[in-house]
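Per-entry structural report
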Amino acid sequence: GDSVTQTEGLVTLTEGLPVMLNCTYQTIYSNAFLFWYVHYLNESPWLLLRSSTDNKRTEHQGFHATLHKSSSSFHLQKSSAQLSDSALYYCALSPNSGTYQRFGTGTKLQVVP
Amino acid sequence: DMKVTQMPRYLIKRMGENVLLECGQDMSHETMYWYRQDPGLGLQLIYISYDVDSNSEGDIPKGYRVSRKKREHFSLILDSAKTNQTSVYFCASRRGTNAETLYFGSGTRLTVL
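Remember, predicted model here, so these are calculated numbers, not experimental data.

Some remarks on the overall build of chain B
- Each helix and strand in chain B was counted, giving zero helices and 11 strands.
- Starting at the N terminus and walking to the C terminus, you meet the elements of chain B as β-β-β-β-β-β-β-β-β-β-β.
- Taking 113 residues into account, the globule formula puts the C-alpha radius of gyration at 13 Å, and chain B, at 13 Å, falls close to it.
- Counting only C-alpha atoms and orienting by the principal axes, one finds that chain B spans roughly 40 × 30 × 25 Å.
- A total of 113 residues make up chain B; the buried ones form 50% of that total.

The structure is reproduced here in structure tokens:
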């Protein structure tokens, strides 16, 4: 079945350093959508980025990700971490024939001064 | 105003008691979801509802059931709650295709003693 893998449970970074959160996936569907959601403490998770286009960079709020179907990856990046980026980040997959979104285990990003 | 509302925010129950978690949305979305969030496990899909009285099991349906009698309202029921059902429960809704984002509620933190 479909699956999403986020290998880092916790990433701790110093403010100003680049961010890269890993996401790889498995699916049999060629036109699956990949998503990044961000979840701040005591709030609702919300959509940060999404893409289904191979090798196209998607950007929002200073974050970017590129879907690489050849390596089944959709890593989240930012050039310079801010303290306000500290949150839980989820990668999710929605197959083109399905109505569900399957989430990874999440990566907690902790940005310190 | 696009909103998913969950009630209650916090709930403490004793093992063996019945639990009702309520979710409402004001966007007329056909599809609604229940997820649970646990550290290290991420968001796990419990149930999907495609519309009124059209529900489907997700990945971890055991111990749960759902009810959807109106499009805007989706309930999660735990008959005889167990301590391992202590978790944060999120309701979400989505319109249309797999390209669309999920809109999440603010979650219910359930503790089963």
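Details of the interface of chain A and chain B
- With 25 residues of chain A at the contact, the number on the chain B side is 24 residues.
- Summed over both sides, the interface of chain A with chain B buries roughly 1,800 Å², with 49% coming from carbon and sulfur.
- Across the contact surface, chain A and chain B share one salt bridge.
- Between Arg 102 of chain A and Asp 59 of chain B there is a salt bridge, and its shortest N-O distance comes to 2.6 Å.

Brief notes about the state of the cysteines
- Within this structure, the stated rule accounts for two disulfides over all chains.
- Disulfide pairing is shown between Cys 23 of chain A and Cys 91 of chain A; the S-S distance is 1.9 Å. Because the sign of the S-S torsion sets the handedness, a value of about -65° for the bond joining Cys 23 of chain A and Cys 91 of chain A places this disulfide among the left-handed ones. Of this pair, Cys 23 of chain A sits in the loop between strand E3 (19–21) and strand E4 (24–26) while Cys 91 of chain A sits in strand E10 (residues 87–94); the two residues are 68 residues apart in sequence, bridging distant segments of the chain.
- According to the relative accessible area criterion, Cys 91 of chain A is buried, its value standing at 0%.
- Residue pairing for Cys 23 of chain B: its cysteine sulfur links by disulfide to Cys 91 of chain B, the two sulfurs lying 1.9 Å apart.

Regarding the side chain of His 75 of chain A
Residue and element names in this part refer to chain A.
- Mapped onto the elements, His 75 comes out in the loop between strand E8 (63–66) and strand E9 (76–78).
- For His 75, a relative accessible area of 18% translates into the label buried.
- At 3.0 Å, the side chain of His 75 forms a polar contact with the backbone nitrogen of Cys 23.
- For His 75, the residues in contact, after removing those within four places along its chain, are Met 20, Leu 21, Asn 22, Cys 23, Thr 24, Trp 36, His 64, Ala 65 and Thr 66.

Describing the packing of aromatic side chains
- Per the counting criterion, the structure on display carries 14 aromatic pairs over all chains.
- Seen in terms of ring centroids, Trp 34 of chain B and Phe 74 of chain B are 6.3 Å apart; in terms of plane orientation they differ by 40°. Their pairing is tilted. Taken together, the positions of Trp 34 of chain B in strand E4 (residues 31–38) and Phe 74 of chain B in strand E8 (residues 73–78) put the pair 40 residues apart, joining distant regions of the chain. Comparing Trp 34 of chain B with Phe 74 of chain B shows no difference in burial state: the two are buried.
- Ring pairing ties together the aromatic residues Phe 33, Phe 35, Tyr 37, Tyr 90 and Phe 103 of chain A together with Tyr 33, Tyr 35, Phe 90 and Phe 104 of chain B, which thus form one cluster.

Cut-offs and rules
- Residues numbered from 1 in each chain as written.
- Chains lettered and ligands numbered in written order.
- Predicted model: local features only at pLDDT ≥ 70, side-chain atom pairs only at ≥ 80, totals over all residues.
- Heavy atoms only, no water.
- Helix = DSSP H or I, 4+ residues; strand = E, 2+ residues; numbered from the N terminus.
- Rg over C-alpha atoms; globule rule 2.2 N^0.38 Å.
- Buried < 20%, exposed > 50% of the residue type's maximum accessible area, 1.4 Å probe, protein only.
- Contact = heavy atoms within 4.5 Å.
- Buried area = accessible area lost by both parts, 1.4 Å probe.
- Salt bridge = Lys/Arg side-chain N within 4 Å of Asp/Glu carboxyl O.
- Disulfide = S-S within 2.5 Å.
- Polar contact = N/O pair within 3.5 Å; in protein donor to acceptor, adjacent residues only side chain to side chain.
- Phe/Tyr/Trp six-rings, centres within 6.5 Å; stacked < 30°, edge-to-face > 60°.

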